[in-house]
Each structure stands twice: as C-alpha cells, then as structure tokens.
Amino acid sequence: MLCTVFHNDCFWSLAAIGVIDGATRMAFLTFLPFLLQEKGAGVNMIGFTPAFIFAGDATGKLVCGILATLPLTLPLRGRFQ
C-alpha cells in the first residue's frame, strides 16, 4: 500500500507545494533583515521581526493541526488504493 501512495499525483503535487513553500519562506527570512535595514528600520525591529514571523507560522500550523483532527474533514481511505 505504501508504494501506491508514491504513484499518486496528489502526493507529488503536495510534495512540490511543500518544497516551494519551504524555499520561499527561507529566502524571505534570509533577505528580510537586509530589506528592513535598507528601509531604515532599527536594530530592535530587525531582530524581532523574524521572531514574530516564526510565531505566526507556528500558530498557523497549530490551527491547521487542530482543524485536521475535527470530524469535518473527509476521510482519505479508499483514495490511495
């Protein structure tokens, strides 16, 4: 059954979205301090901005995890067979 998951187009679509999402987030967090410095932001703002972004990211993942456990979601059983 595990092999059939990797042959599914949905798996590869979600995997590609995950890769693009991770690469975009890392590029944004890498260049954000330089952009803020160029715009004239202070050291405190440059230091706290990534912390707020990480906190928002963690909160979003927590909310999505809670929503995924609700019985409102559709079962995936039978879709990968």
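Scoring rules and cut-offs
Residues numbered from 1 in each chain as written. Predicted model: local features only at pLDDT ≥ 70, side-chain atom pairs only at ≥ 80, totals over all residues. Heavy atoms only, no water. Helix = DSSP H or I, 4+ residues; strand = E, 2+ residues; numbered from the N terminus. Buried < 20%, exposed > 50% of the residue type's maximum accessible area, 1.4 Å probe, protein only. Areas by Shrake-Rupley, 256 points an atom, 1.4 Å probe, with all protein chains shown as cover. Salt bridge = Lys/Arg side-chain N within 4 Å of Asp/Glu carboxyl O. Expected span 1.5 Å × (residues − 1). Contact = heavy atoms within 4.5 Å. pLDDT = per-residue confidence, 0-100.

Caption draft 1: Up close: the overall build of the protein chain. If you tally the helices and strands in the protein chain, you get three helices and zero strands. When the 81 residues of the protein chain are sorted by exposure, 9% land in the buried category. Approximately 6,900 Å² of the protein chain is accessible, and the part contributed by carbon and sulfur atoms is 74%.

Caption draft 2: Just the pattern of salt bridges, in detail. Counted according to the given criterion, the structure contains three salt bridges. Between Arg25 and Asp57 there is a salt bridge, with the nearest N and O atoms lying 3.6 Å from each other. Of the two residues, Arg25 sits in helix H2 (residues 9–38) while Asp57 sits in helix H3 (residues 43–69), which places them 32 residues apart along the sequence. With a shortest N-O distance of 3.8 Å, Lys61 and Asp57 are connected by a salt bridge. Residue Lys61 and its partner Asp57 are both found in helix H3; the two are separated by four residues, about one turn of the helix. Classification of Lys61 as exposed rests on a relative accessible area of 52%.

Caption draft 3: Structural detail: H2. In this model H2 runs 43 Å from its N-terminal to its C-terminal C-alpha over 30 residues, within 8% of the 44 Å that 1.5 Å per residue would give. Where H2 is concerned, the buried positions are Leu29, Leu32 and Leu36. Tucked inside the fold, the buried residues of H2 contact H3. Backbone geometry just after H2 places Gly40 at a positive phi near 95°.

Caption draft 4: A look at H3. Its 27 residues place the ends of H3 41 Å apart at the C-alpha level, agreeing with the 39 Å of an ideal helix rising 1.5 Å per residue. By the burial criterion, the buried members of H3 are Ile46, Thr49 and Pro50. Packing partners of the buried residues in H3 comprise H2.

Caption draft 5: Quick peek at the confidence of the model for the protein chain. Looking at the protein chain, the pLDDT average stands at 81 and 78% of residues meet or exceed 70. Mean pLDDT in the protein chain bottoms out at helix H1 (residues 2–6), which sits at 56, and peaks at H3, which reaches 88.

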